[in-house]
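# Breakdown of the fold
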Amino acid sequence: QGDETTYVFVDCTRELTSFYSFLTASVAISCIGWLAVLVIVTVASGAVIRPMVESYSKQKRFITDASHELKTPITVINTSLTVLEMDVGKQKWIDKALAQTDKLKGLVDSLVSLSRMDEEQPQVLCDFNISDAVYETAESFADFAKEKGHEIVTDIENDIVFKGNEYSVRQLISILTDNAVKYASVGSPIEISLKKSKRGVVIKCANLCENVDESELSKLFDRFYRGDKSRSSKGGYGIGLSLAKSICEAHKGDIFAKKIGENKIEF
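So, here is what we can say about the structure in this document. (Residues numbered from 1 in each chain as written. Predicted model: local features only at pLDDT ≥ 70, side-chain atom pairs only at ≥ 80, totals over all residues. Heavy atoms only, no water.)

With the rule as written, the count across this model stands at two aromatic pairs. Between Phe128 and Phe162, the ring centres sit 6.1 Å apart and the planes meet at 90°, which makes this aromatic pair edge-to-face. Note that Phe128 is positioned in strand E1 (residues 126-129) and Phe162 in strand E3 (residues 161-164), a separation of 34 residues in sequence. Taken individually, Phe128 and Phe162 each receive the classification buried, so the pair is uniform in this respect. (Phe/Tyr/Trp six-rings, centres within 6.5 Å; stacked < 30°, edge-to-face > 60°. Helix = DSSP H or I, 4+ residues; strand = E, 2+ residues; numbered from the N terminus. Buried < 20%, exposed > 50% of the residue type's maximum accessible area, 1.4 Å probe, protein only.)

In structure tokens form, the structure reads like this:
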């Protein structure tokens, strides 16, 4: 009797069935709850975001429509003033009016270009010699820069072929160079470089600038941002760098400004 072994078998079918039923019900309820939350979040976020999207679309459409509507009267005013000056002779008031209409025309053209970028219309991309494009565009500002007391210094790698929109790239260089000429410290050079990289090309535009606030550099690409009073007094519209950013993004690139040394900015 001491060496006998007793085996006891317990039927747990009922408990296991109950456990699996509870597990299945829990998983099903969790999935239903997760889907319900997903639906609620999707509907709620859509309701919240929809007015913002519609407002942004209306704003873009307004800018585009207003820009096109303004082009005709500005052209008429400019032509009328030119004819008037030919009739009565050179007058300082007419010259001032012509200067303001030229500024308005530049603003309208910038708004139209920015609106086209926002519409995300596919650009015509083709291979072109970006070295020549950057050099020619930068050199076209040489006389303008010289009048302002600056020298254009270029460091451009030769014969780089780039696939992109040549007009937009030239516009990008024009924006960066014009911005540098306007805000560079008196007598300082403007450095423009182009180098080939593994992922494409790297374009840099650097210049000395007074009162560099590093915390504001990231805001320079915001639309209509003017920064400090010194920038506001230079006659810009706060659109150029925003357009430059749109051009870079259209080419799957990026643009940023950083401080080099004490008073030097590089784009």
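Where strand E4 (residues 190-197) lies against strand E5 (residues 200-208), eight bridges are found, and the strand directions are antiparallel. Looking at the pairing, Ile190 lines up with Asn207 of E5. The turn linking E4 back onto E5 is made up of two residues. (Pairing = 2+ DSSP bridges.)

Our next topic: unusual backbone geometry. If you check the backbone angles, Asp159 has positive phi at about 55° while not being a glycine. With respect to the element layout, Asp159 can be found in the loop between strand E2 (152-156) and E3.

Roughly 700 Å³ of internal volume is contained in the second largest pocket. Val201, Val202, Ile203, Gly253 and Asp254 are the residues nearest the centre of the second largest pocket, which is lined by 23 residues in total. Of all the secondary structure elements, the ones that give two or more residues to the lining of the second largest pocket are helix H5 (166-183), E5 and helix H7 (240-250). The element contributing the most residues to the lining of the second largest pocket is E5, with five residues. Residues that form the lining of the second largest pocket fall into these classes: 13 nonpolar, four polar and six charged. (1 Å grid on protein atoms, 1.4 Å probe; cavity = no way out; pocket = protein on both sides within 12 Å on 5 of 7 lines; lining within 4 Å. Points joined across faces, edges and corners; volume = space filled by probe spheres on them. Nonpolar A, V, L, I, M, F, W, Y, C, P; charged D, E, K, R; others polar.)

Another aspect to go through is the nonpolar core. Counting residues in hydrophobic clusters, the biggest one holds 33 residues, and the most contacted among them are Ile130, Val134, Leu172, Ile190, Ile192, Leu194 and Ile255. No other element matches H5, which puts seven residues into this core. (Core = buried A, V, L, I, M, F, W, Y, C linked by side-chain atoms within 4.5 Å.)

What follows is about the side chain of His150. With respect to the secondary-structure elements, His150 resides in the loop between helix H4 (142-147) and E2. Looking at His150, the relative accessible area reads 7%, which means it is buried. From its side chain, His150 meets the backbone oxygen of Lys148 in a polar contact 3.5 Å long. With near-sequence residues (within four places) excluded, His150 lies in contact with Ala145, Val181, Ala184, Ser185, Val186, Gly187, Ser188 and Ile190. (Polar contact = N/O pair within 3.5 Å; in protein donor to acceptor, adjacent residues only side chain to side chain. Contact = heavy atoms within 4.5 Å.)

Counted under the stated rule, the structure contains six salt bridges. Note that Glu85 and Lys90 form a salt bridge whose closest N and O atoms lie 3.8 Å from each other. The buried category is assigned to Glu85, whose relative accessible area is 16%. On the basis of relative accessible area, Lys90 is assigned to the exposed category, the value being 67%. Between Lys90 and Asp95 there is a salt bridge; the shortest N-O distance is 3.7 Å. Look at Asp95 and you get partly exposed, because its relative accessible area is 27%. Salt bridges linked by common partners bring Glu85, Lys90 and Asp95 together as one network. (Salt bridge = Lys/Arg side-chain N within 4 Å of Asp/Glu carboxyl O.)

Everything listed here is a matter of coordinates, which is why it stays silent on function.
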